[in-house]
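Listed below are the residues making up each chain.
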Amino acid sequence: MKVLVCGKGGSGKSTVAALLAKSMAKRGYRVLVADSDESNYGLHRQLGMELPPTLMDHFGGRRGVKEKMGRPSQGGEGPGFFDGRWTIDEIPPEATAEKDGIKLLAIGKIHDFGEGCACPMGSLSRNFLDNLSVGEKEMVIVDTEAGIEHFGRGVEAGCDAILAVLDPSFESILLSKKIAEISEKINKPLYFVLNRVDDERKAAMMESLDGRRVAAAIPETEEIFRAGLSGTELDLIVKEMEGLADFLLLRKTG
Ligand SMILES: Nc1ncnc2c1ncn2[C@@H]1O[C@H](COP(=O)(O)OP(=O)(O)O)[C@@H](O)[C@H]1O
Ligand SMILES: [Mg+2]
């Protein structure tokens, strides 16, 4: 199963991606977290890892990626990054970090002033997901950049489900409607994860949301907040995240 996590900036996408990865790994799943947020440097810390060299570095940086975009793949789908499909185990080890059954792959990162836009990374994300085969006891969790640009780039095409993380804000509610429209167009199941909510906040949000899509409601906790402030690993069990993992596994099996 490949799950894409999206939402507005600061809504908790990376937090949800990291906690879900940990929960799935504890259940014996082999988990790949694909960090496709080219502007953020937080996810690897939440997973307790060092940031590995990116997949874009592996393909020769911006220039190498652009060159490969211009030729067709030999045996894979789309542009010529992948000659044939990859499994999680075939991802070049020098481009990944690994801990406790979780592999982390960063697609690309913006390092410098004026280095150019993130389009090559978007294209690489999409083609990586299109060409990745996922086994029965494996889960891929894609953490995306804020907003909906990744939809424009077609990154969702290779995913089985979309999780939109919504914090209690008008902006998140608006975004949820836009994401619902797009996911219907591309025929992908969409679930909402409400973040930073108690019962009262949840009830207020539910007035403006399609309740059938709500897969989990995560409270605001001191532990998550403190890990976020100190940039340390999210090594905690959040009951509501376990519920989200159960929810996804039920959908996976039918
Ligand atoms: N449920 C929560 N309780 C407390 N703090 C949270 C919660 N969810 C997210 N945070 C904090 O909010 C900040 C933004 O979260 P993050 O997951 O990085 O957002 P995003 O990836 O959507 O930009 C982080 O510092 C994180 O620790
Ligand atoms: Mg993030």
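Going by what an unreviewed UniProt entry lists, the protein is known as P-loop NTPase and is assigned to Candidatus Methanocrinis natronophilus.

### Digging into the sheet that holds strand 4 (residues 96-99)
The eight strands are arranged 4-5-2-7-1-8-9-10 in an open sheet whose pairing can be described as mixed. Since the sheet does not close on itself, it has two edges, and those belong to strand 4 and strand 10 (214-218), each with one partner. Taking each pair of neighbouring strands and ignoring which way they run, the sheet shows an average axis angle of 20°. Pairing geometry for strand 8 (residues 161-166) and strand 9 (residues 190-195), over five bridges, is parallel. Its bridge partner being in strand 9, Leu163 is matched across the sheet by Tyr191.

### Observations regarding the packing of aromatic side chains
Going through the model one piece at a time under the given rule, you end up with three aromatic pairs. For the ring pair Trp86 and Phe128, a centre distance of 6.3 Å and an interplane angle of 75° mean the geometry is edge-to-face. On the criterion of sequence distance, the pair formed by Trp86 in strand 3 (residues 86-87) and Phe128 in helix 5 (residues 119-130) is long-range, its members being 42 residues apart. Side by side, Trp86 and Phe128 carry an identical accessibility label, which is buried.

### Side note on the side chain of Ser36
Tracing the backbone through its elements, the reader meets Ser36 in the loop between strand 2 (30-35) and helix 2 (43-46). Setting aside its immediate chain neighbours within four residues, Ser36 contacts Ile107, Ser125, Val142, Asp143, Thr144 and Glu145.

### A closer look at the site of ligand 1
Near ligand 1, the surroundings consist of 15 residues, among which Gly10, Lys13, Thr15, Arg196 and Pro219 are the closest. One nitrogen or oxygen atom from the main chain of Gly12 is found 2.9 Å from an oxygen atom belonging to ligand 1. Contact distances for ligand 1 include 3.0 Å between a nitrogen atom and a backbone N or O atom of Thr221. Here ligand 1 loses 84% of its free accessible area of 560 Å² to cover by the protein chains. With respect to the detected pockets, ligand 1 is housed in the largest pocket. Those elements giving two or more residues to the shell around ligand 1 turn out to be helix 1 (13-26) and helix 9 (222-230).

### Notes on the layout of surface pockets
The method is simple in principle: a probe with the dimensions of a water molecule rolls over the atoms, and the space it marks as empty is what remains. Here the largest pocket defines a volume of roughly 560 Å³. Lining the largest pocket are 26 residues, and of these Gly10, Gly12, Thr15, Gln46 and Arg196 lie nearest its centre. Elements that contribute at least two residues to the lining of the largest pocket include exactly helix 1, helix 2 and helix 9. With four residues, helix 9 is the largest single contributor of residues to the lining of the largest pocket. Classifying every residue of the lining of the largest pocket by side-chain character gives seven nonpolar, 14 polar and five charged.

### Some words on the environment of Val155
Summarising the element assignment, Val155 is placed in the loop between helix 6 (149-152) and strand 8. When the C-alpha positions of Val155 and Ser14 are compared, they lie 17 Å apart, and in sequence the two are 141 residues distant.

### Structural notes on empty space enclosed by the protein
For the coordinates displayed, the defined rule picks out one cavity of 30 Å³ or more. As a volume, the largest cavity reaches approximately 40 Å³. If you trace the largest cavity, you find it lined by Leu19, Lys22, Ser23, Lys26, Leu236, Ile237, Val238, Met241 and Glu242. Elements supplying a minimum of two residues to the lining of the largest cavity: helix 1 and helix 10 (239-253).

Rules and cut-offs
- Residues numbered from 1 in each chain as written.
- Chains lettered and ligands numbered in written order.
- Predicted model: local features only at pLDDT ≥ 70, side-chain atom pairs only at ≥ 80, totals over all residues.
- Heavy atoms only, no water.
- Pairing = 2+ DSSP bridges.
- Helix = DSSP H or I, 4+ residues; strand = E, 2+ residues; numbered from the N terminus.
- Axes fitted to C-alpha atoms, helices over the stretch in contact; angles between N-to-C directions.
- Phe/Tyr/Trp six-rings, centres within 6.5 Å; stacked < 30°, edge-to-face > 60°.
- Buried < 20%, exposed > 50% of the residue type's maximum accessible area, 1.4 Å probe, protein only.
- Contact = heavy atoms within 4.5 Å.
- Near = heavy atom within 4 Å.
- Polar contact = N/O pair within 3.5 Å; in protein donor to acceptor, adjacent residues only side chain to side chain.
- Areas by Shrake-Rupley, 256 points an atom, 1.4 Å probe, with all protein chains shown as cover.
- 1 Å grid on protein atoms, 1.4 Å probe; cavity = no way out; pocket = protein on both sides within 12 Å on 5 of 7 lines; lining within 4 Å.
- Sits in = over half its atoms within 2 Å of the grid points.
- Points joined across faces, edges and corners; volume = space filled by probe spheres on them.
- Nonpolar A, V, L, I, M, F, W, Y, C, P; charged D, E, K, R; others polar.

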